[in-house]
Amino acid sequence: VQECKSVDFQDWPVSGPRTVKHVITQMINNGGSALGHHQQWRVACKMQPTDGPAQEHESWSRVLDAMLCYDQLDVTNLAAAELVVRSIQRLEE
């Protein structure tokens, strides 16, 4: 995450501010990983693993975790990652 560097693109397809770096930094600082953050969020919200929003949050967290840990992508420059992070944020609101 520390090595991720956002690059501005004139044709960036997602409107609004880019939030990926901020979100993944918070996830790592507060949960150790996207999946660790998911567990903390689910418990804090008193959700069961079988609750719909918890399942969706876990799925998006697994996608993000795979992008970061397995694929080792610089997600700060991926529109798909921005959409994943926004889905996670939407669920957390």
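Shown above is the structure to which this text applies.
Q: Give a detailed account of the overall build of the chain, specifying residues and quantitative values.
A: Along the chain, the regular secondary structure elements total four helices and zero strands. The C-alpha atoms of the chain give a radius of gyration of 13 Å, which matches the 12 Å a tight globule of 93 residues would have. Here the C-alpha coordinates of the chain stretch approximately 40 × 25 × 20 Å along the principal axes. With 93 residues in all, the chain has 34% of them scored as buried. Just so you have it, the chain exposes about 5,900 Å², and 52% of that area is on carbon and sulfur atoms. Computed over 8 positive and 12 negative side-chain charges, the inter-centroid distance for the chain is 4 Å.

Q: Account for helix α1 (residues 20-31), with residues named and values stated.
A: Each α-helix winds once per 3.6 residues, and so residues spaced three or four apart point in a common direction. The terminal C-alpha atoms of α1, which comprises twelve residues, lie 16 Å apart, in line with the 16 Å expected from a rise of 1.5 Å per residue. Residues of α1 that are buried include every one of Val 20, Val 23, Ile 24 and Met 27, and no others. Taken end-on, α1 shows its buried residues confined to a sector of 90 degrees, consistent with a single buried face. Opposite the buried face of α1, by more than 90 degrees, sit the exposed residues His 22 and Asn 29. Contact partners of the buried residues in α1: α2 (34-44), α3 (52-70) and α4 (79-92). Where α1 terminates, the next one or two residues include Gly 32, which has phi positive at roughly 90 degrees.

Q: Help me get a handle on the pattern of salt bridges, residues and values and all.
A: Counted by the stated rule, this structure contains three salt bridges. Two residues, Glu 58 and Arg 62, come together in a salt bridge whose shortest N-O distance is 3.1 Å. A residue pair is termed a helical-turn pair when its members lie 3 or 4 positions apart in one helix, as Glu 58 and Arg 62 do in helix α3 at four residues. Glu 82 is the salt-bridge partner of Arg 86, the closest N and O atoms lying 2.9 Å from each other. Taken together, the residues Arg 86 and Glu 82, both in helix α4 and four residues apart, mark about one turn of the helix. Take Arg 86: its relative accessible area is 25%, and that puts it in the partly exposed class.

Q: Could you give me a rundown of the packing of α1 against α2, with the residues and numbers involved?
A: Two elements in contact, α1 and α2, have axes whose closest approach is 8 Å; the angle formed by their N-to-C orientations is 70 degrees. In this view, α1 runs roughly perpendicular relative to α2, as classed from their interaxial angle. Here the hand of the crossing between α1 and α2 comes out left-handed. Across the interface between the two elements, Met 27, Asn 30 and Gly 31 from α1 touch Ala 34, Gly 36, His 37 and Gln 40 from α2. Among the residues making up the contact of α1 with α2, the classes are represented as two nonpolar, five polar and no charged.

Scoring rules and cut-offs
- Residues numbered from 1 in each chain as written.
- Predicted model: local features only at pLDDT ≥ 70, side-chain atom pairs only at ≥ 80, totals over all residues.
- Heavy atoms only, no water.
- Helix = DSSP H or I, 4+ residues; strand = E, 2+ residues; numbered from the N terminus.
- Rg over C-alpha atoms; globule rule 2.2 N^0.38 Å.
- Buried < 20%, exposed > 50% of the residue type's maximum accessible area, 1.4 Å probe, protein only.
- Areas by Shrake-Rupley, 256 points an atom, 1.4 Å probe, with all protein chains shown as cover.
- Lys, Arg positive; Asp, Glu negative; His and termini not counted.
- Charge placed at Lys NZ, Arg CZ, Asp CG, Glu CD.
- Expected span 1.5 Å × (residues − 1).
- Arc of directions from axis to C-beta.
- Contact = heavy atoms within 4.5 Å.
- Salt bridge = Lys/Arg side-chain N within 4 Å of Asp/Glu carboxyl O.
- Axes fitted to C-alpha atoms, helices over the stretch in contact; angles between N-to-C directions.
- Parallel < 35°, antiparallel > 145°, perpendicular 65-115°, else oblique.
- Left-handed = near helix turned anticlockwise from the far one by under 90°.
- Nonpolar A, V, L, I, M, F, W, Y, C, P; charged D, E, K, R; others polar.

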